[in-house]
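This is what each chain is made of:
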Amino acid sequence: TISVWRINDQRFCWSTLQQGNREQRMFYAILTYATLFGLATSQDQSNLPTPGTLKELIASNPELSVFQTAMEVVGTLDLLNDETQSFTVLAPANNAVNTSETFLKYMEGIDETPVRWKGNLQASVNNHVISGVALSNGDIFNSQSTSLQTLNDQIKISQFLGNINGVSIQTTNLVATNGILHIMTGVIEPEFYQHSFADLERQSEYGPDTENPPRVSLQTVTDFVEGRDVWEQEHENGLTQIGCRIRAFNRMGLDYLPETINNAEAGNVILGEFLNETRKQQTIDDLLRYSLLPKAVYNDDLPNQYEELTFPLSDCGHMWITKRDDRLCFNDGCVVATPDKRQFHARNGYGYVVDKCVVCPGVAMLTNYAAEFTSWNMRDISQFLIASEWNLRNLSSSVGDGGPITLFSSSDNGFNVLNSDDTIRLTTDEWKPHQRDLLRHQMLQGIYLEQDLKDLYEVNAGEYNLTSLAGENITFGYDAARDLIQYQGGDLFFTDIKGVDGYVHFATKVPLPLSMTHTVYDVANEMENYTTQISFINAVFLRQDMRRLLPLTALYTPNEEWEGKLIEVDDIAEVVLENHLFEDLMWCDKLRGLQNQVVESLNGQTWFVTVNEDNFPCFDTITTFGAATTRSCITRCDILARNGIVHEIDKIMLKERPETIGPAPPIAPTPRVPSAPTWNNPSSSGGDGSNPAPVQYAGGFGSGSPGSSPTDGAESSSATVKPGVALAFLVALMAARLR
């Protein structure tokens, strides 16, 4: 016999079994007792006076003070003041909240700005609010419903046990103008209370991959390095997990992050680093722990134009957090937003699925991220760093002695010192050594923090110099009034940004190395070993052309090679000095590649390129009429200049006259004042950068062509070498000419 009773809108059954064993009768007796006991403790408050909205109802009940505070902090309480909508609230009583360690943890830091656990607390609160409908106790336990959709997630109804997500109703049907309130015996915990970041399988983008063969995923690498405990850990301020999806993992080395931090032979980050048996701990530090922020970052709480530089759980390097146009990014890894934002709660924090893997960066990468994602104007230095083709993940493997470096990255305003032709030229492969020299001049070997630079100012009692990786001095000072380090006349305005390979400071000025300020003439003019050749260049007014023509390669011979030689002054520009100029960048490596080929100097003379036993390029004369070959070999390669390069050679480059007549006795030439040289009006770069404006030298370019005979014409101006004349005579001759 089964009797069905309805008391206080609760349905329950009393069963009397006419048949069945003792155990069955005992089971139904216990079940009926439990149901009646629960009914006795549940009170129907439907007849109490209605105080107003649900917000007012909750505020008037001291038994709900903890939950009320939580709702107020996350903004849900104000929502319950809206009388245009209907709500059902399942509010845990104070004693119920105190039994939930996780909920109480999320209540910590509610007075902080921003609220420490706001996102997780909001999800917890919203898991108790149903929007759009006012449900009485009978509506919930109607023998049919199995779940309710809250503002956060679905919660389960047990019609048999009369509870919601395992929590019973303590007080039912408290009616407000915009809904119904039920007081619960416990916290209705969201599903994420049961999961930490270690449960990677909750996010399909983290793996395992379903393709055949499966691609590498975050799960693959985590399990390879046995790193689940990294994702499992708790932090008092919460954690933010930044995990890259499977597609992003397998794009590394293709369209981003081509370099490995250790220059691994495997050639890509996945095999060279993340799945490298010898680098498990480094992968834990540089990938897993670097992908965890020691605070919970909630996208909805961040305004647009937000930017922050912070340390992840691993202090191997800083990380940029930026938000532009509702797009949240961590360095260059941005939250996947299709079909919706891939962000989620976990018991220990908040997570994001991003479109690029976030790994511990180098100082160059941090500069690049600042250029692309922040308001700092760093695009010029960023483009130069990218064009350098160095290992931007670890600059120490490309420059310096392999140890940490300090990089000074100037803002775009600082690069205004370069004109547009300079900038375009420096980004080409042909001028890459100049570009790299410019970049090296922005670096110091070792670590120099802002405080270190201040201390050096005190030690030196004023300005001091440090040597850049370009081998030249950079001047530092300190402006005490503004508390700013001065850097080559500019300021360091943002300092101590840490990368895996050192530190970077942002500056307002770009110090220029000699390769950007000195022409092929100026470079040699400052070297004592080339004063004789420089004197000849000055005498025939060749200096101006050598300063503005580009690209230009200039060859210089040491002073001792000019001793004992007399060269006819009327011919020295065209026949001798212009032999040493080439209208191209003739790098030593390029010349080695031209072995056994002919090159042409600026005056049209031709030279046969060879390589000597020391692997230095040489210029041999092309013999005619059985004359002996002369050879001039490079002894010092690739000295950089603003408009080209300089080489040192061991012998003067001369074209000998065929021995058809005897040499005339040496006669000192009559000094004369040369006519003023003529040249085209120069541009800042000698033309359009790639095609410099042609300039006529004082003395002419020469009319020789490859293979032509130097004996053509009775008044030939070829060079004549006269042995036995002292260098002093030449100096006197030059002085007379200059007068």
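Preceding this paragraph is the structure being described.
Rules behind the numbers
Residues numbered from 1 in each chain as written. Predicted model: local features only at pLDDT ≥ 70, side-chain atom pairs only at ≥ 80, totals over all residues. Heavy atoms only, no water. Helix = DSSP H or I, 4+ residues; strand = E, 2+ residues; numbered from the N terminus. Buried < 20%, exposed > 50% of the residue type's maximum accessible area, 1.4 Å probe, protein only. Contact = heavy atoms within 4.5 Å. Areas by Shrake-Rupley, 256 points an atom, 1.4 Å probe, with all protein chains shown as cover. Axes fitted to C-alpha atoms, helices over the stretch in contact; angles between N-to-C directions. Parallel < 35°, antiparallel > 145°, perpendicular 65-115°, else oblique. Left-handed = near helix turned anticlockwise from the far one by under 90°. Nonpolar A, V, L, I, M, F, W, Y, C, P; charged D, E, K, R; others polar. Salt bridge = Lys/Arg side-chain N within 4 Å of Asp/Glu carboxyl O. Disulfide = S-S within 2.5 Å. Pairing = 2+ DSSP bridges. Phe/Tyr/Trp six-rings, centres within 6.5 Å; stacked < 30°, edge-to-face > 60°. Core = buried A, V, L, I, M, F, W, Y, C linked by side-chain atoms within 4.5 Å.

Student: Which residues make up the overall build of the protein, and what values go with them?
Tutor: Helix and strand counts for the protein stand at 25 helices and 34 strands. For the protein, the proportion of its 739 residues judged to be buried stands at 50%. Within the protein, contacts between residues separated by at least 24 positions form 66% of all contacts whose residues are at least 6 apart in sequence. Accessible surface, the protein as shown: approximately 33,400 Å² in total, 49% of it carbon and sulfur.

Student: Residue-level account of unusual backbone geometry, with values.
Tutor: For residues that are not glycine, phi is negative in most cases, and the peptide bond is trans in most cases. Residue P208 follows G207 across a cis peptide bond; omega there is 5°. Here P208 lies in the loop between β10 (179-184) and α9 (218-224). Cis peptide bonds are those with omega within 30 degrees of zero, and the linkage from L550 to P551 qualifies with -10°. In this fold, P551 is placed in the loop between α22 (543-548) and β26 (552-556). Phi at S143 takes a positive value of approximately 70°, unusual for a residue other than glycine. Residue placement: S143 occurs in the loop between α8 (137-140) and β6 (147-149). Look at S143 and you get partly exposed, because its relative accessible area is 48%. Look at N615: it is not a glycine, yet its phi comes out positive at around 70°. Relative to the helices and strands, N615 resides in the loop between β30 (606-611) and β31 (617-621).

Student: Describe the packing of helix α15 (residues 379-387) against helix α17 (residues 432-440), naming the residues involved and giving the relevant values.
Tutor: Packing of α15 against α17 leaves a shortest axis separation of 10 Å and a crossing angle of 125°. In this view, α15 runs oblique relative to α17, as classed from their interaxial angle. Handedness of the α15/α17 crossing: left-handed. The segment α15 lies against α17, with I381, F384, L385 and A387 engaging K432, Q435 and L439. Taken together, the residues of the contact of α15 with α17 break down into five nonpolar, one polar and one charged.

Student: Give me the pattern of salt bridges: which residues, what numbers.
Tutor: Enumeration according to the criterion identifies 35 salt bridges in this entry. Among the ionic pairs, R425 bridges to D422, the shortest N-O distance being 2.7 Å. You can see R425 and its partner D422 sitting in helix α16 (residues 420-426), three residues apart, about one turn around the helix. The class for R425 is buried, based on a relative accessible area of 5%. Note on D422: relative accessible area 3%, which makes it buried.

Student: For the state of the cysteines, give the residues involved together with the corresponding values.
Tutor: Under the definition given, this model contains five disulfides. With its sulfur 2.0 Å from that of its partner, C329 forms a disulfide with C334. Judged by the sign of its S-S torsion, about 100°, the bond between C329 and C334 is right-handed. Here the two residues C329 and C334 agree in accessibility, since each one is buried. The side chain of C588 participates in a disulfide bridge whose partner is C637; the two sulfur atoms lie 1.9 Å from each other. For the disulfide bridge between C588 and C637, the dihedral angle about the S-S bond is near -90°, and by the sign convention the bridge is left-handed. Taken together, the residues span a long stretch of sequence, with C588 in helix α24 (residues 588-593) and C637 in strand β32 (residues 631-641) at a distance of 49 residues.

Student: Outline the pairing of β30, supporting the account with residue identities and numerical values.
Tutor: The buried fraction of β30 is high, at five of six residues. Of the pairings in the sheet, the one linking strand β29 (residues 598-600) to β30 comprises three bridges and is antiparallel in character. Each bridged residue has a counterpart across the sheet, and for E600 the counterpart in β30 is T606. Hairpin connection between β29 and β30: a loop of five residues separates the two successive antiparallel strands, and G604 in this loop has a positive phi of roughly 90°. The sheet contact formed by β30 and β31 spans five bridges and is antiparallel.

Student: Before we move on, could you go through the sheet that holds strand β24 (residues 490-499) and cite the residues and values that matter?
Tutor: Spatially, β20-β19-β25-β24-β23-β22-β21 is the arrangement adopted by the seven strands of the open sheet, whose pairing is mixed. One side of each edge strand has no neighbouring strand; the edge strands of this open sheet are β20 (443-445) and β21 (464-467). For this sheet the average axis-to-axis angle between neighbouring strands, irrespective of direction, equals 35°. In this sheet, strand β22 (residues 473-479) lies alongside β21 in antiparallel orientation, the contact comprising four bridges. Residue pairing across strands places Y464 opposite F476, the latter belonging to β22. Across the sheet, helix α14 (residues 363-373) touches β19 (405-410), β24 and β25 (502-507), and the angle it forms with β25 is around 35°.

Student: Describe the packing of aromatic side chains, with residues and values.
Tutor: For the coordinates displayed, the defined rule picks out 24 aromatic pairs. An angle of 65° between the planes, with centres 6.4 Å apart, marks the rings of W376 and F506 as edge-to-face. Placement of the pair is W376 in the loop between α14 and α15 and F506 in strand β25, with a sequence separation of 130 residues. Ring centres 5.8 Å apart and planes at 65° place the aromatic pair Y457 and Y478 in the edge-to-face group. Within this pair, whereas Y457 is found in helix α18 (residues 450-459), its partner Y478 is found in strand β22, the two being separated by 21 residues in sequence.

Student: Summarise the nonpolar core; cite the residues concerned and give the values.
Tutor: Ranked by size, the top nonpolar core spans 111 residues in total, and within it F103, L181, F249, M252, F330 and L395 carry the most contacts. In terms of residue count, the dominant contributor to this core is α14 (eight residues). Filtering out sequence-adjacent residues up to four positions away, L181 remains in contact with L54, L57, I58, L64, V89, A91, T171, T172, N173 and L174. By size, the runner-up hydrophobic cluster in this structure holds 28 residues, among which are V520, Y530, I652 and L654.

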